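Okay, here's what each chain looks like letter by letter:
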Amino acid sequence: MNERSPFAQLPSVSRLLENADIQALVHEHGQATVVHQIRGLLDEIRKSLADGGQLPATEQLLQTIRHSVIAHTRPRLRPVFNLTGTVLHTNLGRAPLADEAVDALVLAARNPCALEYDLETGKRGDRDDLVEKLICELTGAEAATVVNNNAAAVFLLLNTLARDRKVVVSRGELVEIGGAFRIPDVMTSAGARLVEVGTTNRTHLRDFEGALDDETAMLMKVHTSNYSIQGFTHTVPEAELASLAHAQGLPFVIDLGSGTLVNLENWGLPHEPTAQEGLAAGADLVTFSGDKLLGGPQAGLIVGRKDLIATIKRNPLKRALRVSKITLAALEATLRLYRNPQRLAERLLALGQLARSQSDTQAAAERLLPHLQTALRKHSVDIEIAPLRSQIGSGSLPIERLDSAGIAISPRGKKVGILHSIEAALRALPRPVIGRIENDRLLLDLRCLPRDQETEFIVQLEQLKVASRC
Ligand SMILES: *Cc1c(COP(=O)(O)O)cnc(C)c1O
C-alpha cells in the first residue's frame, strides 16, 4: 500500500480524536461512544474504497461522524404527534398529563419530599396517605390504595382475597385487554380459581346463585371495556350481584377498566360507568386505571371497604407493585383537578381532545391542508379534507365513535405503495407523525393535534423526504 493509496490517506481514530469538533462530541457523549461510531464509519469507508468508492473529504467525514453520534445518542422515548384518531392510545402512552401534574412530578423528581414521612409527627408515614383522602373525597369510598396499574390492582386484589378459592364471573366478561392481560390468566397467576357462569351473551342471577359454595371467595364483575355484545343479551345489574354476595357474607368487586370520576355526558360524550356508581350499587371494591379516562399517570386505583383495603395493603406483593413518588405526585395533581369539574376539559388534555367538536377539527384541517399539499406536491397523491371518526381508545367505549376531521391522502391510480412511503417519511420526522392507513387512504386525524403545536407540525414538514419506491 503506497502513500497515495486512499486507504493510507484515511485518517486514524486517534487523529480524528484530536479534532476540536470531535473533542466536543467526546465531552458531551463520552469517548467510548464517539470512538465506536468513528470505527464503524471508517470500516464502512474502507469497504466502499475496496469497491472502488471515493475517499470522502475530511469536512464531510467529520460531518458524518457528528450526524452518526447524534443519531446514536438521541433519546429513544421521543414525543410524537398522535394523528391516529385514537385518543387514549396505549402504544403512544395513553393520556398526556395536565400541566399541573407535570409541574408536580418535576418537583417531586428533583427534590426530597415527604413520601412516607408524616410532617406533623415527624414519624414514618404511608405513601398511600398522600392521595387516599382525596380519592375517598372524590369517589365516596371509605379507603383507597394505589399500585402500578389496573392489571396490578386486579392481580393484588385476587391474590389477597381469593387465593386458592373461587371467583365467580360471567362468561360474557372474560376479557382480554391487549397484550397479556386476560381475566382467566390473571386469575391463575394470582392463585384464584375462576368459575365461569352463564353464557357468552346471557347471564342471569340464578347462574351466580348456582355457582356459590363454601369455597367461593367473591363475585366479580369485569367491565367489558373493549368489546360489546349486542342483540339477545342479558347481564345481571350490579346491585343484584352485590345483594347476592352480601347475603352470603362475600365481597362483590368490579374491575372497571377505564373508570372515570365524572359523568362524561357533561362533555357531550357517551356515558362510561364511574367508580362512584359502582360503589353506590354496592360494590365492596372497585379498581380502575390512572392513565385511561382519568387522565393521570400510569397507576391502578383500588377503592372501597376499609377492612378489605387494609388486608390488601398487608399483602407483601403490595410492596412489589407500589408506585413511585413521581407517579404519586402526578396522580395527586390530576385528582385535585377533579375538585373543579367546570375547568376539567381545559386542563386534562385527553378530555379536551375527546370533547373537541368536529367543526374545530375541520378548521384545523383547513389550516394544515395547504402545507401538506406543498410538502407532497411532487408525489402522485390527492390530498383533501375528510370527515373522520375518532375513537376513545384504551378499551373505553369500543363501539362509540366521535365525529372528527382530518387530512386524507389517496394515491392516484392504484399505487398504494406510495402511502406506505409517505407514512414512513412522516414517522422519520424529528417529531414523528403517526397516522393510519384505512381503505387505501392515509388518514391524519387532527383531533389530538393541539392548536399550539400546529406550527411545530407545519415547520417540520419542510424536512419530509419520501423515499421513491413507486
Ligand atoms: C385496561 C383494563 C385493564 C388493565 O389496566 P392497565 O391500567 O392497563 O393495567 C384491566 N381491566 C380492564 C377491564 C381494562 O379495561
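Residues numbered from 1 in each chain as written. Predicted model: local features only at pLDDT ≥ 70, side-chain atom pairs only at ≥ 80, totals over all residues. Heavy atoms only, no water.

## Description of helix 11 (residues 238–247)
Then comes step 1: When helix 11 is considered as a whole, its buried residues turn out to be Leu241, Ala242, Leu244 and Ala245. Buried positions in helix 11, seen along its axis, are confined to an arc of 165° and lie on one side of it.
Then comes step 2: Structurally, helix 11 contributes buried residues whose contacts are with helix 10 (205–211), strand 7 (216–222) and strand 8 (252–257). (Buried < 20%, exposed > 50% of the residue type's maximum accessible area, 1.4 Å probe, protein only. Helix = DSSP H or I, 4+ residues; strand = E, 2+ residues; numbered from the N terminus. Arc of directions from axis to C-beta. Contact = heavy atoms within 4.5 Å.)

## Observations regarding the pairing of strand 2 (residues 143–147)
Then comes step 1: Extensive coverage of strand 2 is indicated by the burial of 5 of its 5 residues.
Then comes step 2: The pairing of strand 2 with strand 10 (residues 300–304) spans 5 bridges and is classified as antiparallel. Bridge assignment links threonine 145 to a residue of strand 10, and that residue is isoleucine 302. (Pairing = 2+ DSSP bridges.)

## Observations regarding the sheet that holds strand 11 (residues 381–390)
Then comes step 1: Within the open sheet, the 4 strands sit side by side as 11-12-15-14. Their pairing is antiparallel. The two strands at the open ends of the sheet, each matched to only one other strand, are strand 11 and strand 14 (436–438). Here the average twist between neighbouring strands, direction ignored, is 35°.
Then comes step 2: Across 3 bridges, the pairing between strand 14 and strand 15 (residues 441–445) is antiparallel. Its bridge partner being in strand 15, isoleucine 437 is matched across the sheet by leucine 442.
Then comes step 3: Its contacts with the sheet put helix 18 (residues 358–375) on strand 11, strand 12 (402–411) and strand 15, and the angle it makes with strand 12 is roughly 20°.
Then comes step 4: In the packing of helix 19 (residues 417–427) onto the sheet, contacts are made with strand 11, strand 12, strand 14 and strand 15, and the angle to strand 15 comes to roughly 30°. (Axes fitted to C-alpha atoms, helices over the stretch in contact; angles between N-to-C directions.)

## Description of the site of the ligand
Then comes step 1: Arg94, Asn149, Asn150, Ala151, Ile177, Phe181, His223, Ser225, Asp255, Gly257, Ser289 and Lys292 make up every residue found near the ligand.
Then comes step 2: The contact in question runs from an oxygen atom of the ligand to an N or O atom on the backbone of alanine 151, over 2.8 Å.
Then comes step 3: The separation between an oxygen atom of the ligand and a polar side-chain atom of lysine 292 is 2.8 Å.
Then comes step 4: Look at the ligand: alone it shows 380 Å² of surface, and the protein chains cover 94% of it. (Near = heavy atom within 4 Å. Polar contact = N/O pair within 3.5 Å; in protein donor to acceptor, adjacent residues only side chain to side chain. Areas by Shrake-Rupley, 256 points an atom, 1.4 Å probe, with all protein chains shown as cover.)

## Some remarks on the side chain of glutamate 272
Then comes step 1: Counting through the fold element by element, glutamate 272 comes out in the loop between strand 8 and helix 12 (275–280).
Then comes step 2: The side chain of glutamate 272 is buried and forms no salt bridge, while lysine 292, the nearest opposite charge, is found at 8.0 Å.
Then comes step 3: A distance of 3.4 Å separates polar atoms of two side chains, one belonging to glutamate 272 and the other to histidine 223. (Lys, Arg positive; Asp, Glu negative; His and termini not counted. Salt bridge = Lys/Arg side-chain N within 4 Å of Asp/Glu carboxyl O.)

## Description of the packing of helix 8 (residues 150–161) against helix 13 (residues 306–314)
Then comes step 1: Interaxial distance between helix 8 and helix 13 falls to 9 Å at its minimum, and their mutual angle equals 95°. The orientation of helix 8 relative to helix 13 falls into the category roughly perpendicular. Within the contact between the two elements, helix 8 uses Leu156, Leu157, Thr160 and Leu161 and helix 13 uses Leu308, Thr311 and Ile312.
Then comes step 2: When its residues are assigned to classes, the contact of helix 8 with helix 13 shows 5 nonpolar, 2 polar and no charged. (Parallel < 35°, antiparallel > 145°, perpendicular 65-115°, else oblique. Nonpolar A, V, L, I, M, F, W, Y, C, P; charged D, E, K, R; others polar.)

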